[in-house]
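# Secondary and tertiary structure notes
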Amino acid sequence: QVQLVESGGGLVQAGGSLSLSCTASGSTFSYYAMSWYRQVPGKQRELVAGISSGGNTNYADSVKGRFTISRDNAKNTVYLQLNSLKPEDTAVYYCNAPLGRNTVWPWGQGTQVTVSS
């Protein structure tokens, strides 16, 4: 069973930057598209950014131009660079492999991003 471990979150002022990482155990990582999601308490988890196995990327309108997703298949790791952060970006950030409206693997613990105004 693949385990996902997210890291890199923290507290940052508005306008600041953070770099998130998500490492997946197991050897099948490179075959899957990967996505970053975020969730605020009381709200549904939302898709933030995605990257195909070949490196094509897509972003939610709310983060386009500010966030950058990338991957290193040799390290079984997907990254999310967060720039020009806003208070509304505050959430727990998770990664997973999308499968239709579901995901392939169990969720990890996520990493908390808090942006102060």
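The preceding data block contains the structure.
Criteria and cut-off values
- Residues numbered from 1 in each chain as written.
- Predicted model: local features only at pLDDT ≥ 70, side-chain atom pairs only at ≥ 80, totals over all residues.
- Heavy atoms only, no water.
- Pairing = 2+ DSSP bridges.
- Helix = DSSP H or I, 4+ residues; strand = E, 2+ residues; numbered from the N terminus.
- Axes fitted to C-alpha atoms, helices over the stretch in contact; angles between N-to-C directions.
- Buried < 20%, exposed > 50% of the residue type's maximum accessible area, 1.4 Å probe, protein only.
- Contact = heavy atoms within 4.5 Å.
- Polar contact = N/O pair within 3.5 Å; in protein donor to acceptor, adjacent residues only side chain to side chain.
- Phe/Tyr/Trp six-rings, centres within 6.5 Å; stacked < 30°, edge-to-face > 60°.
- Lys NZ or Arg CZ within 6 Å of the ring centre and 35° of its normal.

This part is about the sheet that holds strand S12 (residues 111-116). Here six strands make up an open sheet; going across it, the order is S2-S12-S9-S4-S5-S6 and the pairing mixed. Bordering the open sheet on either side are strand S2 (10-13) and strand S6 (57-59), each of which pairs with just one other strand. Strand-to-strand, the axes of this sheet are offset by a mean angle of 25 degrees, without reference to chain direction. Bridging between strand S4 (residues 34-39) and strand S9 (residues 91-96) involves five bridges; their strand directions are antiparallel. Residue Ser35 lies in a different strand from S9, and its bridge partner there is Asn96.

Further remarks concern the side chain of Arg66. Within the fold, Arg66 resides in the loop between S6 and strand S7 (67-72). We classify Arg66 as buried; its relative accessible area is 10%. Those residues in contact with Arg66, other than ones at most four positions away along the chain, are Gln81, Leu82, Asn83, Ser84, Leu85, Lys86 and Asp89.

Turning to its location among the elements, Gln112 is positioned in strand S12. Each C-alpha atom of the pair Gln112 and Leu20 lies 9.9 Å from the other, and the pair is 92 residues apart in sequence. Those residues in contact with Gln112, other than ones at most four positions away along the chain, are Gly9, Gly10, Thr90, Ala91 and Val92. There is a polar contact of 3.4 Å between the side chain of Gln112 and the backbone oxygen of Ala91.

Right, let's talk about the packing of aromatic side chains for a bit. In the structure shown here, the tally under the stated rule is three aromatic pairs. Relative to Trp107, the ring of Tyr37 has its centre 5.1 Å away and its plane inclined at 90 degrees; by these criteria the two rings are edge-to-face. With Tyr37 in strand S4 and Trp107 in the loop between strand S11 (102-103) and S12, this residue pair connects regions lying 70 residues apart in the sequence. Here Trp107 falls in the partly exposed class, since its relative accessible area comes to 32%. Geometrically, the ring pair formed by Tyr94 and Trp107 is edge-to-face, given 5.7 Å between the ring centres and 75 degrees between the ring planes. Linking Tyr94 in strand S9 with Trp107 in the loop between S11 and S12, this pair joins segments that are 13 residues apart in sequence. Each member of the aromatic cluster is reached from another via a ring pair, and the members are Tyr37, Tyr94 and Trp107. Here the basic side chain of Arg45 rests over the ring of Tyr94, its NZ or CZ set 4.4 Å away from the ring centre. A cation over an aromatic ring shows up here: Arg45 above the ring of Trp107, its NZ or CZ 3.7 Å from the ring centre.

The analysis is restricted to geometry; functional conclusions fall outside its scope.
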